[in-house]
Amino acid sequence: MAAKVSQLATIQVDLDGLWTNLQYYGHDAPVSPDIVFTSGLRRYLDLFEELGIKATFFVIGKDVGIPEKKVLLQEAHEKGHELANHTFTHPFGFRKLSASQQQAEIEQGERAIGSITGKKPRGFKAPGYDVDTKILSLLAEKGYLYDSSVIPTPAYPLLMKINSILTRSVSRNHGPRWSWGMAPNAPYHPSSKKVWRKGNNPLLELPCTTFPVLRIPIHATFAVKLGYPFFRGALEVVKKRAIPLNYEFHAADLSDTIIDSRLGHLQGIPIEKRMALVRKMLAAISTNYELRTSIELAQEFITHGH
Ligand SMILES: [Zn+2]
């Protein structure tokens, strides 16, 4: 018998390379070599193979132009993972770009992914969770089935501020807004007025699942720092509330240890420890849920409702 949508989970891995992470802290860096791909993405592909997991990778189009990255992305596609669009150059402040710049970022990203898969991606995630209703309408017009740029928590602006103070980096005022704490913590069609409100956009928003009621982030960026009991507790509550899970990782979670004082949030935990933790987290998700790629989850949600 088919699983109910509430019993489904999707695993998303954002392929923000070393250069993208440096860009976040205001530094220019070459697109290759990239330890985040050669060690981080490599480990995710092997781990998914070992655990029989099909995931969704959010690809930055520019990376497809680098042969050693393209080989890994081709492998991901051949193994049945979904490749979704994470723009062409991952510009921070995406929603402040002009409509034509946004369109160019989306279309160039599509072409890059299409050179691997032979077709246009139908899932999108904005850099730094930076969307507005105009971008969501543009995606719907362009035939996208889902977006995954919303994180339903009021806490992000504050967390970004704290991170910028701790790492003495530029304070950023784009990305999630406190009002996103009011967004549904499960798939929904957004309104044309507010990103966080339910409405008639045919595009489905698959928000990054947060802790029910408290709405604190629980995705891997936090769980890897806070440890397994935090993750396990959150998973338990999400499951009890019958919420389909959209769990987000980043390739850098499993990259070889990066020693670079410019990269605040990537410092600290040895790779052996991160590897053991992520393996345990993935095993717990696949024991508690039926896994789908994000496009499959979106399709099942649209066909069967909730
Ligand atoms: Zn990103």
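The model shown is predicted, which means the values in this text are computed figures rather than measured ones.

**Student:** Give me unusual backbone geometry: which residues, what numbers.
**Tutor:** Most of the time, phi is negative for any residue but glycine, and the peptide bond is trans. Of the consecutive residues Ser32 and Pro33, the connecting peptide bond is found in the cis state with omega at 0°. With respect to the helices and strands, Pro33 occurs in the loop between helix H1 (18-24) and helix H2 (35-51). With a phi angle near 55°, Ala242 is a residue other than glycine that sits in the positive phi range.

**Student:** Quick rundown of the pairing of strand S3 (residues 82-85)? Include the residues and the values.
**Tutor:** Alternating residues of S3 divide into Glu82 and Ala84 and Leu83 and Asn85, and every residue in both groups is buried. Here strand S2 (residues 56-59) pairs with S3 via four bridges, running parallel. Looking at the pairing, Thr56 lines up with Glu82 of S3. The β-α-β motif built from S2, the intervening helix H3 (residues 67-78) and the parallel element S3 has right-handed crossover chirality.

**Student:** An account of the coordination of the zinc ion is needed here, citing residue identities and associated values.
**Tutor:** Put simply, a metal with four donors set out as a tetrahedron has ideal angles of 109.5 degrees, and one with six donors set out as an octahedron has ideal angles of 90 or 180 degrees. Bound to the zinc ion are the protein donor atoms Asp16 (OD), Asp16 (OD), His86 (NE2) and His90 (NE2), situated 2.1 to 2.3 Å from the metal. For the zinc ion, the four donor atoms in the first shell make angles of 57 to 141° at the metal, so the coordination geometry reads as irregular. Here the donor residues of the zinc ion are spaced in sequence according to D-x69-H-x3-H. Of this pair, Asp16 sits in the loop between strand S1 (8-14) and H1 while His90 sits in the loop between S3 and helix H4 (99-117), and the two are 74 residues apart along the sequence. Each of the two residues, Asp16 as well as His90, counts as buried.

**Student:** Tell me about the packing of H3 against H4, and name the residues and values.
**Tutor:** Direction vectors running N to C along H3 and H4 enclose 65°, while the axes themselves pass 9 Å from each other. The element H3 and its partner H4 pack so that their crossing is right-handed. Facing Lys70, Leu73, Gln74 and His77 of H3, the residues of H4 in contact are Ser115, Ile116 and Thr117. Its residues assigned to classes, the contact of H3 with H4 comprises two nonpolar, four polar and one charged.

Calculation rules
- Residues numbered from 1 in each chain as written.
- Predicted model: local features only at pLDDT ≥ 70, side-chain atom pairs only at ≥ 80, totals over all residues.
- Heavy atoms only, no water.
- Helix = DSSP H or I, 4+ residues; strand = E, 2+ residues; numbered from the N terminus.
- Buried < 20%, exposed > 50% of the residue type's maximum accessible area, 1.4 Å probe, protein only.
- Pairing = 2+ DSSP bridges.
- Right-handed = clockwise from strand over helix to strand, strands pointing away.
- Donors = N, O, S within 2.8 Å, 3.2 Å for Na, K, Ca; no water.
- Tetrahedral: all angles 85-135°; square planar, octahedral: opposite > 155°, others 65-115°.
- Axes fitted to C-alpha atoms, helices over the stretch in contact; angles between N-to-C directions.
- Left-handed = near helix turned anticlockwise from the far one by under 90°.
- Contact = heavy atoms within 4.5 Å.
- Nonpolar A, V, L, I, M, F, W, Y, C, P; charged D, E, K, R; others polar.

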